[in-house]
Amino acid sequence: MKQVIVITGASSGFGALAARRLADAGHTVYAGMRATTGRNASQVEAVNQYAMEHRVDLRAIEMDVATDASCDAAIRRIIAEQGHLDVVIHNAGHMSFGPAEAFTPEQFAELYDVNVLSTQRVNRAALPQLRKQGKGLIVWVSSSSTRGGTPPYLSPYFAAKAAMDSLAVSYASELTRWGIETSIVVPGAFTKGTNHFAHAGAPADTARTLEYNDGPYKGVPETALRGLSSLEPAGADAGSVAAAIVNVVDAPFGKRPFRVHVDPSQDGAEIVNGVADRVRAEMFRRIGLEDLLHPAVTKAQ
């Protein structure tokens, strides 16, 4: 069924790939991005060009997930134009690379804002509509770093993604009785096909960074990045994450997977998450809330 979808952080990377794949699958897709008349004006043009050439319903929309006002305005516009909203995809995020000590607390807070608080802003804007409808889907683009092998020098990003994943799990059980499903897509470390690593932030405290990189941790950054790249199979395709998102959206109600791993490097996250998710399910059974593990069928469905 054709669905109305909004995806955050869709100017590049997984977001841009998923927006196009979802539109190709026949959905109405709003590709959220900031600065649509400024730095991302070329991305808006690319979206419009793709929509015209492929004859799909793909639209760029101003959506700065760092501000409540922008998120609220974007969701209001979508509902005004379409009358409803079916799927929210939390994809916006940013990476950083460097020794943990060299990042200022403000930098940690900024990463947390982009990767975690942004989802809360969007949820508060969109969930009233989804709850009123009695149906919907929230997709969270997490990271295998929250459970799998965690190489050094990526701590602010890893910490933020772990918090985001935890928030997704908490939200899941609080939305099922409203008829709203949750799926968490967990990509591995794709070092090619996105700008994730290329645009990674650096520590503000360059003096401390040098103490690490010119001291006992000399060579660690290069070894870590080289090692991550070597774990990635030659045929690894960032588009496989977009394909996984399409599969989740297109799955029947009640049959969507709670978690999907897309990790060519197989860093172990799927194993650890499997245990954690089973423990969660068992806890819900023990406390008499097993029904919260599955979306309720509402009158709207």
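The preceding data block contains the structure.
These numbers were taken from a predicted model, which means no experiment stands behind them.

Caption draft 1: Just the overall build of the protein chain, in detail. What the protein chain contains, in helices and strands, is nine helices and seven strands. Here the protein chain has a C-alpha radius of gyration of 19 Å; the compact-globule value for 301 residues is 19 Å, and the two agree. Viewed in the frame of its principal axes, the protein chain has a C-alpha envelope of about 65 × 50 × 40 Å. Residues counted as buried form 48% of the 301 residues belonging to the protein chain. Of the contacts formed within the protein chain by residues at least 6 apart in sequence, a portion of 77% connects residues at least 24 apart. For the protein chain, the exposed area adds up to about 14,100 Å²; of that, 54% sits on carbon and sulfur atoms. Computing the positive centroid from 29 side-chain charges and the negative centroid from 31, the protein chain places the two 7 Å apart.

Caption draft 2: Layout of the side chain of Ser-118. One can find Ser-118 in helix α4 (residues 105-133). Residues in contact with Ser-118, not counting those within four places in the same chain, are Val-65 and Asp-113.

Caption draft 3: Spotlight on the nonpolar core. Of all hydrophobic cores here, the largest spans 36 residues; its most connected members are Leu-22, Leu-58, Ile-89 and Ile-245. Examining the composition of this core, we find that seven residues originate from one element, helix α8 (residues 239-250), more than from any other. Beyond its immediate chain neighbours, meaning those up to four positions away, Ile-245 contacts Ala-18, Leu-22, Ile-89, Val-141 and Val-185. Counting 30 residues, the second-largest nonpolar core is a separate cluster that includes Leu-85, Met-164, Val-169 and Ile-180.

Caption draft 4: The pattern of salt bridges, seen in detail. Throughout the structure, instances matching the rule amount to 13 salt bridges. Between Arg-59 and Glu-81 there is a salt bridge; the shortest N-O distance is 3.3 Å. Here Arg-59 is found in strand β3 (residues 58-62), whereas its partner Glu-81 is found in helix α3 (residues 68-82), with 22 residues between them in sequence. Since its relative accessible area comes to 26%, Arg-59 is described here as partly exposed.

Cut-offs used in this document
- Residues numbered from 1 in each chain as written.
- Predicted model: local features only at pLDDT ≥ 70, side-chain atom pairs only at ≥ 80, totals over all residues.
- Heavy atoms only, no water.
- Helix = DSSP H or I, 4+ residues; strand = E, 2+ residues; numbered from the N terminus.
- Rg over C-alpha atoms; globule rule 2.2 N^0.38 Å.
- Buried < 20%, exposed > 50% of the residue type's maximum accessible area, 1.4 Å probe, protein only.
- Contact = heavy atoms within 4.5 Å.
- Areas by Shrake-Rupley, 256 points an atom, 1.4 Å probe, with all protein chains shown as cover.
- Lys, Arg positive; Asp, Glu negative; His and termini not counted.
- Charge placed at Lys NZ, Arg CZ, Asp CG, Glu CD.
- Core = buried A, V, L, I, M, F, W, Y, C linked by side-chain atoms within 4.5 Å.
- Salt bridge = Lys/Arg side-chain N within 4 Å of Asp/Glu carboxyl O.

So far we have only geometry, and geometry alone does not tell us how the molecule works.
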